[in-house]
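Below, each chain spelled out in residue letters.
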Amino acid sequence: MQQLIERIKRDGVVKPGGVLKVDSFLNHQIDPKLSYDMAKEIHRLFENEDVNKILTIEASGIGMAVLTGLVFDCPVVFAKKSKTINLSDDVYSTTVYSFTHQVSKQVLVSKRYLNPGDRVLIVDDFLANGAALEGLCDIVEQAGATVVGAAIAIEKAFQPGGAKLRERGLRIESLARIESMGEDSIVFCKE
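Residues numbered from 1 in each chain as written. Predicted model: local features only at pLDDT ≥ 70, side-chain atom pairs only at ≥ 80, totals over all residues. Heavy atoms only, no water.

Help me out: how do you make sense of the overall build of the chain in this one?
Secondary structure summary: the chain contains six helices and 10 strands in total. For a compact globule of 191 residues, the expected C-alpha radius of gyration is about 16 Å, and the chain comes in at 16 Å, within 12% of that figure. C-alpha atoms of the chain, sized along the principal axes, occupy 50 × 35 × 35 Å. Counting every position in the chain, which comprises 191 residues, the buried fraction comes to 45%. Across the chain, every contact between residues at least 6 apart in sequence was considered, and the portion connecting residues at least 24 apart equals 61%. Carbon and sulfur atoms provide 48% of the accessible area of the chain, an area that totals close to 9700 Å². (Helix = DSSP H or I, 4+ residues; strand = E, 2+ residues; numbered from the N terminus. Rg over C-alpha atoms; globule rule 2.2 N^0.38 Å. Buried < 20%, exposed > 50% of the residue type's maximum accessible area, 1.4 Å probe, protein only. Contact = heavy atoms within 4.5 Å. Areas by Shrake-Rupley, 256 points an atom, 1.4 Å probe, with all protein chains shown as cover.)

Structure follows, in structure tokens:
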């Protein structure tokens with residue numbers, strides 16, 4: 001999606017360790033117009049999949065997921081990274097390793113919100129090593145639901161997650177795919 005690529009070029013900051021900061025427009029401060037345009041593009045890509053649930057993981061994918069749910073006219077569910085007193089014990093859970101935070105966390109979704117027969121589109125801001133996406137797929141499988149695919153804002157194609165999950169048959173549509181990054185450059189994949 002050219003609009004997203006241009007915004008990454010203009011406002012993205014490459015940090016040491018292969019970290020791309022896009023928090024000024026995507027996942028800390030959110031540009032609603034860009035996010036809405038991204039949601040419309042995701043809808044165009046998956047409109048024939050009979051999506052009835054959007055699933056993401058807290059917290060940085062929620063904004064994008066909510067706008068995607070608006071365009072699809074369906075509920076958005078997010079996997080919580082901690083158990084709170086108002087979350088019942090009747091949950092699907094899996095463990096996900098966070099590259100950004102360098103820790104493994106149990107993520108949870110109430111069994112009330114994912115059901116057999118649901119057609120789930122996973123939405124997230126980044127795909128790098130694929131751990132979050134694998135964990136969300138595991139939760140959907142536990143529910144007996146179907147993952148119709150994953151919509152990702154930014155994929156770091158130089159990391160193994162996307163290729164590994166595509167080899168397993170998961171349909172992944174990334175709005176911007178990065179081939180390589182350095183302190184002074186971001187090279188995007190030519191599609």
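Don't stop here, the text continues.
I'm lost on the nonpolar core in this one. Help?
Generally speaking, nonpolar side chains in soluble globular proteins are found buried as a group. Counting residues in hydrophobic clusters, the biggest one holds 30 residues, and the most contacted among them are Leu 4, Ile 8, Leu 20, Leu 121 and Ile 154. The contacts of Leu 20, once residues within four sequence positions are left out, are Ile 8, Gly 12, Val 13, Val 14, Phe 126, Ile 154, Lys 156, Ile 178, Met 181 and Ile 186. If you look at the next biggest cluster of nonpolar residues, it comprises 24 residues, including Val 120, Val 140, Ile 152 and Leu 165. (Core = buried A, V, L, I, M, F, W, Y, C linked by side-chain atoms within 4.5 Å.)

Whenever I open this one, the environment of Ser 60 confuses me. Can you help?
Relative to the elements of secondary structure, Ser 60 occurs in the loop between β3 (53-57) and α4 (62-72). Note: C-alpha distance between Ser 60 and Ile 172 (112 residues apart in sequence) is 19 Å. Beyond its immediate stretch of four places on either side in the chain, Ser 60 contacts Leu 26, Asn 27 and Asp 125. Of note is the side chain of Ser 60, whose polar atom sits 2.9 Å from the side chain of Asp 125. (Polar contact = N/O pair within 3.5 Å; in protein donor to acceptor, adjacent residues only side chain to side chain.)

Even after reading the chapter, I still don't get the environment of Ser 174, so can you show me in this structure?
Structurally, the position occupied by Ser 174 is in strand β9 (residues 172-182). By relative accessible area, Ser 174 is classed as buried at 17%. Taking C-alpha positions, Ser 174 is 25 Å from Leu 108, a pair spaced 66 residues apart along the chain. Residues in contact with Ser 174, not counting those within four places in the same chain, are Ile 152, Ala 153, Glu 155 and Arg 166.

What should I look at first to understand unusual backbone geometry in this one?
If a residue is not glycine, its phi is most likely negative; likewise, a peptide bond is most likely trans. Put simply, Glu 58 and Ala 59 share a cis peptide bond, and its omega is 5°. Of note, Ala 59 is situated in the loop between β3 and α4. For Asp 73, which is not glycine, the phi dihedral falls at a positive 60°. When you line up the elements, Asp 73 lands in the loop between α4 and β4 (76-79).

Would you mind going over the packing of helix α3 (residues 32-46) against α4 with me for this structure?
How two helices pack is summed up by the angle between their axes together with the distance between the axes. Between α3 and α4, the shortest axis-to-axis distance is 8 Å and the interhelical angle comes to 55°. Our classification of the angle between α3 and α4 gives oblique. As α3 runs across α4, the sense of the crossing is right-handed. Contact with α3, carried on its side by Pro 32, Ser 35, Tyr 36, Met 38, Ala 39, Lys 40, Ile 42, His 43 and Phe 46, involves Met 64, Leu 67, Thr 68, Leu 70, Val 71 and Phe 72 of α4 and no other residues of that element. Of the residues in the contact of α3 with α4, the class split is 11 nonpolar, three polar and one charged. (Axes fitted to C-alpha atoms, helices over the stretch in contact; angles between N-to-C directions. Parallel < 35°, antiparallel > 145°, perpendicular 65-115°, else oblique. Left-handed = near helix turned anticlockwise from the far one by under 90°. Nonpolar A, V, L, I, M, F, W, Y, C, P; charged D, E, K, R; others polar.)

Geometry only, nothing functional implied.
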